[in-house]
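Here is what each chain is made of, one letter per residue.
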Amino acid sequence: MSYRYIGNKSRLLRPLVERIGDIVQKGAVVADLMCGTASVSEALRVAGYRVVASDMMSYAFHHACIRLKLDRPPTFAAVSKDGYFGVLKHLESLPNLKGHFFKEYSPDGQPKNGERPRMYFSAENAGSIDAITQQINEWRSLGNITDLENSLLRHDLVLAANRVANIAGTYGHYRSTWSNSSLAQLTLRPSTFLWGISTDHDVYQGQAEDLAQSISADLCYIDPPYMKRQYAANYHIIETIARGDAPEAVGVSGLRPWRDQYSDFCSKIRVRDSFRKIIGGMQCQTFLISYSEDGLLSKEELLQLFSEFGRVEFECLIHQRFKSNIGGEGGTVEEYLFKITK
């Protein structure tokens, strides 16, 4: 699954799974409380752990459901005689609609708030997103698709939109000129499945601080936001696709109202209390926490905070810094890894 995502741990999967393997045996319950694209969760599933994944973003919830709870395509029995592939073919063949995405996020639309037309998607691709979304919503409202079938189609549509979005890295703003990829036609590529690998995993949506109070695990992996940039604002477009709604599009960038998904981990004032709520309130004795050298808190501040809960071990991993398509810092960055034993 190709995905440009702030803090994505795809390049660190091997060392992370190795460290977890040094702490707990296969079959142990490992929580991934802020799973994002669920790349770590999927790697833990493949390695033989029972995973409890969560995130507050709807798109992350759908990604985690697909990467953890399916080992083959669902049947889609109520909507297609040709199963999953027939459904994708049907959705791609739908006539375009001039709906929310066409009006708010394409150059041929007219935003309700009077802003000039936005260039997140070509008019054709925006209309295709509208048509596919309407069909999925209709099936969902009639009860014709299951929870997992709904998650799979939303997951596939998010990935399809991501491939043709006219953005530099995140969805905080669109590019002023069209990228080559944004002019390609939106296509729904079939997801791949981990055939025969356990699907006995749990996925939840909500704030990590709240969910931690009712989750028990042998080990909890925490990969929190570490900068002021809020995921809910930077990925507002794919959140709307994942929800299938049509919220007010605010400002020049057309942001959805996102304060209900504000993360205290992006606040230097509140981040310590959020860590305390999770580590202190969760039924888990061992925590493995990723944090970047670019983060709001320094290594020394984190060591002082985590020592409140027990013994702390520390190491550094090196990986590539997040870099947008139009440049930015790039290079390498130190990823801090803290192990807390309560």
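Here the structure is shown first, and the text comes after it.
First, a word on what this report is: a plain description of the structure on this page. (Residues numbered from 1 in each chain as written. Predicted model: local features only at pLDDT ≥ 70, side-chain atom pairs only at ≥ 80, totals over all residues. Heavy atoms only, no water.)

## Here's the deal with the overall build of the protein chain
Here is step 1 of the chain: Counting its regular elements, the protein chain contains 12 helices and 7 strands.
Here is step 2 of the chain: Relative to the globule expectation of 20 Å for 342 residues, the C-alpha radius of gyration of the protein chain, 20 Å, shows essentially globular dimensions.
Here is step 3 of the chain: Structurally, the protein chain occupies a C-alpha span of about 60 × 45 × 30 Å along its principal axes.
Here is step 4 of the chain: Per-residue burial for the protein chain yields a buried fraction of 56% across its 342 residues.
Here is step 5 of the chain: Of the contacts formed within the protein chain by residues at least 6 apart in sequence, a portion of 74% connects residues at least 24 apart.
Here is step 6 of the chain: Accessible surface for the protein chain amounts to roughly 15,000 Å². Of this, 47% is attributable to carbon and sulfur atoms. (Helix = DSSP H or I, 4+ residues; strand = E, 2+ residues; numbered from the N terminus. Rg over C-alpha atoms; globule rule 2.2 N^0.38 Å. Buried < 20%, exposed > 50% of the residue type's maximum accessible area, 1.4 Å probe, protein only. Contact = heavy atoms within 4.5 Å. Areas by Shrake-Rupley, 256 points an atom, 1.4 Å probe, with all protein chains shown as cover.)

## So, the packing of helix H6 (residues 123-142) against helix H7 (residues 147-164)
Here is step 1 of the chain: The contact between H6 and H7 brings their axes to 11 Å, and the two run at 175°. The angle between the axes of H6 and H7 places the two elements in the roughly antiparallel class. Residues Asn 125, Ile 129, Ile 132, Thr 133, Ile 136, Asn 137, Trp 139 and Arg 140 of H6 touch H7, and the partners they reach there are Asp 147, Asn 150, Leu 153, Arg 154, Leu 157, Ala 161 and Val 164.
Here is step 2 of the chain: Along the lines of polarity and charge, the residues of the contact of H6 with H7 split into 8 nonpolar, 4 polar and 3 charged. (Axes fitted to C-alpha atoms, helices over the stretch in contact; angles between N-to-C directions. Parallel < 35°, antiparallel > 145°, perpendicular 65-115°, else oblique. Nonpolar A, V, L, I, M, F, W, Y, C, P; charged D, E, K, R; others polar.)

## What to know about the side chain of Arg 45
Here is step 1 of the chain: When you line up the elements, Arg 45 lands in helix H2 (residues 39-46).
Here is step 2 of the chain: Buried charge without a salt bridge: Arg 45, with Glu 42 as the nearest opposite-charge side chain at an N-O distance of 5.5 Å.
Here is step 3 of the chain: When sequence neighbours within four positions are dropped, the list of residues in contact with Arg 45 reads Val 51, Ile 66, Arg 67, Leu 68, Leu 70, Asp 71, Leu 194, Ile 197, Ser 198, Thr 199 and His 201. (Lys, Arg positive; Asp, Glu negative; His and termini not counted. Salt bridge = Lys/Arg side-chain N within 4 Å of Asp/Glu carboxyl O.)

## Side note on the pattern of salt bridges
Here is step 1 of the chain: The full count for this structure, using the stated rule, is 17 salt bridges.
Here is step 2 of the chain: A salt bridge links Asp 71 to Arg 72, with the nearest nitrogen and oxygen atoms 3.0 Å apart.
Here is step 3 of the chain: A salt bridge links Arg 243 to Glu 239; the shortest N-O distance between them is 2.9 Å. Of this pair, Arg 243 and Glu 239 both sit in helix H10 (residues 236-243), separated by 4 residues, roughly a single helical turn.
Here is step 4 of the chain: The exposure class assigned to Glu 239 is buried, which follows from its relative accessible area of 0%.
Here is step 5 of the chain: Taken together, the shared-partner salt bridges connect Glu 18, Arg 19 and Glu 315 into one network.

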